[in-house]
Amino acid sequence: MPRQSGLGTLFATSLIQIAASFTIAGPLAISVVIVRAQHLPESWIGYYTSLMYAAAIVGSVSTARLMARFSVRTLQLGSVIATGLGYTLFSGLAAETLRVALACLGIALMGLAYGVIVPSSSLVLAQSYSQRMQPLVVSVRQTGVPVGTAMVALFAPYVVQHS
């Protein structure tokens, strides 16, 4: 397979990692506000985390089979779309009676997508860079996790205060 644009690929995979980390960490950063506003017990914060990461494990383990059927770029695009859909469901845009069930479905979608992002982006980076450069570019891409989480820490208090 011919090499793809390395710098563009690194930039795109890093942005996807930042967005995914932001999406996953956002609800956790304001979780107490969310459960209180929804009149749920605070134990639901742990349920969010458990469901999210259980789904991420399923997504990660399933990635090899998915990559055999779909292109890596299709998987990444699908992950971004699934994350957005999951976040929408989680946000409570559903009818009151379906609120918790749809929020759980949204959490599971976000987790599945999160699990697919790292292995699929690692493959696309491996296709775009020489073996000698791969440890560096994967490390650069992986910095998206703390960048996305730091962005949540910066913006979440403002959103909570002004909503």
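It should be emphasised that the depicted structure is a prediction, and the values quoted were computed from it without experimental measurement.

(A) Up close: the packing of helix α1 (residues 6–29) against helix α7 (residues 144–161). One way to put it is that α1 packs onto α7 with a least axis distance of 7 Å and a crossing angle of 45°. In this view, α1 runs oblique relative to α7, as classed from their interaxial angle. Judged by the sense of rotation from one axis to the other, the crossing of α1 with α7 is right-handed. Between α1 and α7, the contacting residues are S14, Q17, I18, S21, F22, A25, G26 and A29 on the first element and G144, V145, V147, G148, T149, M151, V152, F155 and A156 on the second. Across the contact of α1 with α7, the residue classes tally to ten nonpolar, seven polar and no charged.

(B) Here's a closer look at the nonpolar core. Counting twelve residues, the largest nonpolar core consists of I16, A20, I24, Y48, M52, A56, F90, A103, I107, M110, Y114 and I117. Those elements that place two or more of their residues in this core are α1, α3 (44–69) and α5 (99–128). Counting residues per element, this core draws most heavily on α5, at five residues. Ignoring any residue separated from it by four or fewer positions in sequence, one finds A56 in contact with G111, L112, Y114 and G115.

(C) Just the packing of aromatic side chains, in detail. The tally for this structure, following the rule as stated, stands at four aromatic pairs. A centroid spacing of 5.7 Å and a plane angle of 80° characterise the contact between W44 and Y47, whose relative ring orientation is edge-to-face. Separated by three residues within a single helix, W44 and Y47 lie in helix α3, roughly one turn from each other. Note on W44: relative accessible area 27%, which makes it partly exposed.

(D) Spatial organisation of a nonpolar patch on the surface. There is a patch of nonpolar side chains on the surface, built from F22, L154, F155, Y158 and V159 and spanning about 530 Å² of accessible area. Element by element, the count of residues in the nonpolar patch is highest for α7, at four residues. F22 sits in the partly exposed class, given a relative accessible area of 31%.

Cut-offs used in this document
Residues numbered from 1 in each chain as written. Predicted model: local features only at pLDDT ≥ 70, side-chain atom pairs only at ≥ 80, totals over all residues. Heavy atoms only, no water. Axes fitted to C-alpha atoms, helices over the stretch in contact; angles between N-to-C directions. Helix = DSSP H or I, 4+ residues; strand = E, 2+ residues; numbered from the N terminus. Parallel < 35°, antiparallel > 145°, perpendicular 65-115°, else oblique. Left-handed = near helix turned anticlockwise from the far one by under 90°. Contact = heavy atoms within 4.5 Å. Nonpolar A, V, L, I, M, F, W, Y, C, P; charged D, E, K, R; others polar. Core = buried A, V, L, I, M, F, W, Y, C linked by side-chain atoms within 4.5 Å. Buried < 20%, exposed > 50% of the residue type's maximum accessible area, 1.4 Å probe, protein only. Phe/Tyr/Trp six-rings, centres within 6.5 Å; stacked < 30°, edge-to-face > 60°. Patch = residues over 30% accessible without salt bridge, like charges linked within 9 Å, V, L, I, M, F, W, Y side chains within 5 Å. Areas by Shrake-Rupley, 256 points an atom, 1.4 Å probe, with all protein chains shown as cover. Salt bridge = Lys/Arg side-chain N within 4 Å of Asp/Glu carboxyl O.

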